[in-house]
Amino acid sequence: MSATGRAAHEGILRRQSARESAARTYARALPIVPVRARGLTIEGADGRRYLDCLSGAGTLALGHNHPVVLEAIRKVLDSGAPLHVLDLATPVKDAFVTELFQTLPRGLADHARVQFCGPAGTDAVEAALKLVRTATGRTGLLAFTGAYHGMTAGALEASGDASDVRVARLPYPQDYRCPFGVGGPRGAELAARWTESVLDDPKSGVPRPAGMILEPVQGEGGVIPAPDEWMRRMRRITSARSIPLIADEVQTGVGRTGAFWAVEHSGITPDVMVLSKAIGGSLPLAVVVYRDSLDVWEPGAHAGTFRGNQLAMAAGTATLAYVRENHLAERAATLGSRMLAQLRSLAGELPCIGEVRGRGLMIGMELVGAEGDCGRHGGGAFDGEGSGAGGGGPAGLDWGLEGLDSASCGTSWSRKGSDRGSDGTSWAADGLDRSRRGGGADPSVDCEPFSRGTTPAAVPHSRVGSPRPADPELAAAVQRECLRRGLIVEVGGRHASVVRLLPPLTISDEQAAAVLDRLADAVGTAARDRSGRPPGIRRPHGPDPQHRRQGERTERAGHLGN
């Protein structure tokens, strides 16, 4: 780090601290000053380079400054087209809506209307709630524990930490911290029965609501994927009672979970979809898509000065088309499955990892107070049997680590004895037990079996029945250790104890391996520091030559040390 770069870095951070609101968040945990970025990589004012697995909280589906996004923006700028048009029709807007409708679930696309909102997901949530209340003439809402729908008043009402609101809170199914203490299919069935009871019991205190809002994967709630059958059950429950179902796809959309829209895993068609983040191609944009039968509000019932952002629409069109044409959702499913398997193998060695879960490239690792010494089993970089180097997505997707980009897509990360698909993809880690203690379905329950999806990426590695206390201090320490190693991760979840990975869909296999190596090393170091053990890292099998070469490439990228 040069003296000039260090001075610029420290001066900007000092002025930010002195002048910006106390409400700032990411800047507190991530004291970096980005000046250049491309793909997965950010370069700071101090000259350090980082692998960005925050991606603007999931906004950057194609990573930073992807060529197709930059070209779309330049085309609008060079054309002389107006940049601000309120809700007037333009060729740029027409192209965006056409591409968006092409990606929607067919049952919705054929009968859809779209409302452009103020350019934030929370305003789109407000619009969706206002829409269903207007259409039904009812006021109450159904939402779920652990939910996060935004920071404006109505969105906060539907979120998990709200108080004094018009929202009935329902249990969201999860395994590790199941509210019923059982997890698995039985826990999901009990959650569904509770929902039915609340709606059908005349003495429940919950009148017929205007709508139900849910996230197919709870992101800020701790990266908790909803079981597919539970999603179908919510669709049947709401349809039978004429309750509009709102799917909040602000963070899960545009290929993030391994399907273009996360609701497609379960095959349901919601009545309303709330979309933002990645649909703007890195620029602010938010819309609500809904069935035409709900389109009953008056002109001006929901408006926003900046709902006609032409640059965001152009960037969004390019992003949606690129993800669709290059099958990046499928790529996210395959790579996400491998990354989850690797992290689950790490969880088997470190008791401070309570659960690894996620879907596609939306991954979470919950850290807990360990029984005994969490660092006793090492926790350094993955050994040669547990990681690999290989191709990424389509050629030219990324500009990242020096020597890490490649154009092929066929290399798998495998472990001895792993199950493999016909395409060579490694679907399971050696010895991975997918059973759930206490999670078996009760044979007396007359219902379809619940599952978390058809791919292993949707199946969490869990210690059901014995959850230990969340450890937010350890999670914060892991985030700091990651940053020291040149890796940017987010911390979230109900107790701020979940380390989250949201890499761009264009991440290559080798970059993913580097991310996992740094994360594993950070967890091991943070855990040993907490337990008082020496900081040395023990690799159980020792690095093989391939892994050693990978580590050398990683160090050449300039992220380790200073």
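Residues numbered from 1 in each chain as written. Predicted model: local features only at pLDDT ≥ 70, side-chain atom pairs only at ≥ 80, totals over all residues. Heavy atoms only, no water.

Caption draft 1: Summary view of the overall build of the protein chain. When its secondary structure is counted, the protein chain shows 15 helices and 18 strands. Taking all 562 residues of the protein chain together, 59% fall into the buried category. Taking all contacts inside the protein chain whose residues are at least 6 apart in sequence as the whole, residues at least 24 apart take part in 76%. By element, 52% of the accessible surface of the protein chain is carried by carbon and sulfur atoms, the whole surface being about 21,700 Å². (Helix = DSSP H or I, 4+ residues; strand = E, 2+ residues; numbered from the N terminus. Buried < 20%, exposed > 50% of the residue type's maximum accessible area, 1.4 Å probe, protein only. Contact = heavy atoms within 4.5 Å. Areas by Shrake-Rupley, 256 points an atom, 1.4 Å probe, with all protein chains shown as cover.)

Caption draft 2: The packing of helix α9 (residues 184–200) against helix α10 (residues 228–240), seen in detail. Direction vectors running N to C along α9 and α10 enclose 10°, while the axes themselves pass 10 Å from each other. For the element pair α9 / α10, the angle class is roughly parallel. In this structure, α9 crosses over α10, and the sense of that crossing is right-handed. Residue-level contacts link Ala188, Glu189, Ala191, Ala192, Arg193, Thr195, Glu196 and Leu199 of α9 to Trp230, Arg233, Met234 and Ile237 of α10. Looking at the contact of α9 with α10, its residues break down into seven nonpolar, one polar and four charged. (Axes fitted to C-alpha atoms, helices over the stretch in contact; angles between N-to-C directions. Parallel < 35°, antiparallel > 145°, perpendicular 65-115°, else oblique. Left-handed = near helix turned anticlockwise from the far one by under 90°. Nonpolar A, V, L, I, M, F, W, Y, C, P; charged D, E, K, R; others polar.)

Caption draft 3: Region of the structure containing the sheet that holds strand β2 (residues 41–44). The four strands lie next to each other as β1-β2-β3-β16, forming an open sheet whose pairing is mixed. The outermost strands of the open sheet, each flanked by one partner alone, are β1 (34–38) and β16 (487–488). Looking at chain direction, strand β3 (residues 49–52) and β16 are connected through two bridges and run parallel. Bridge pairing in β16 places Leu51 opposite Leu487. (Pairing = 2+ DSSP bridges.)

Caption draft 4: Quick peek at the pairing of strand β12 (residues 287–291). Where burial is concerned, most of β12 is hidden: four out of the five residues are buried. As paired strands, strand β4 (residues 112–116) and β12 are joined by five bridges and run antiparallel to one another. When the bridges of β12 are listed, Arg113 appears paired with Tyr290. As judged from the four bridges shared by strand β11 (residues 272–275) and β12, these two strands associate in the antiparallel manner. Bridge assignment links Met273 to a residue of β12, and that residue is Val289.

Caption draft 5: Layout of the confidence of the model for the protein chain. When pLDDT is averaged across the protein chain, the result is 80; 74% of the residues are at 70 or more. Here residues 372–461 scores under 50 on pLDDT; set against residues more than four positions off or in separate chains, the count is 259 contacts. Overall, residues 534–562 carries pLDDT values under 50, and its contacts beyond four positions in sequence, including any with other chains, amount to 57 contacts. (pLDDT = per-residue confidence, 0-100.)

Caption draft 6: Representation of the layout of surface pockets in the model. Estimated volume of the largest pocket: approximately 810 Å³. Around the largest pocket, the lining comprises 32 residues; the ones closest to its centre are Tyr26, Ala57, Tyr148, Glu220 and Lys277. With three residues, helix α7 (residues 121–136) is the largest single contributor of residues to the lining of the largest pocket. Of the residues assigned to the lining of the largest pocket, the class counts are 15 nonpolar, 12 polar and five charged. (1 Å grid on protein atoms, 1.4 Å probe; cavity = no way out; pocket = protein on both sides within 12 Å on 5 of 7 lines; lining within 4 Å. Points joined across faces, edges and corners; volume = space filled by probe spheres on them.)

Caption draft 7: Examining the sheet that holds strand β6 (residues 167–170) more closely. A sheet is described by the order of its strands in space; here seven strands give the open sequence β4-β12-β11-β10-β7-β5-β6, paired in mixed fashion. Here the strands that pair on one side only, and so sit at the sheet edges, are β4 and β6. Ignoring which end each strand starts from, the neighbouring axes of this sheet average 20° apart. In terms of strand pairing, strand β5 (residues 141–144) meets β6 through four bridges, oriented parallel. Opposite Ala143, over in β6, you have Arg169 as the bridge partner.

Caption draft 8: Structural context of the pattern of salt bridges. This structure, assessed with the given rule, holds 26 salt bridges. Across the pair Arg232 and Glu229 runs a salt bridge whose closest N-O atoms are separated by 3.0 Å. With a gap of three residues between them, Arg232 and Glu229 both fall in helix α10, about one helical turn apart. Relative accessible area serves as the criterion here: at 29%, Arg232 is assigned to the partly exposed category. (Salt bridge = Lys/Arg side-chain N within 4 Å of Asp/Glu carboxyl O.)

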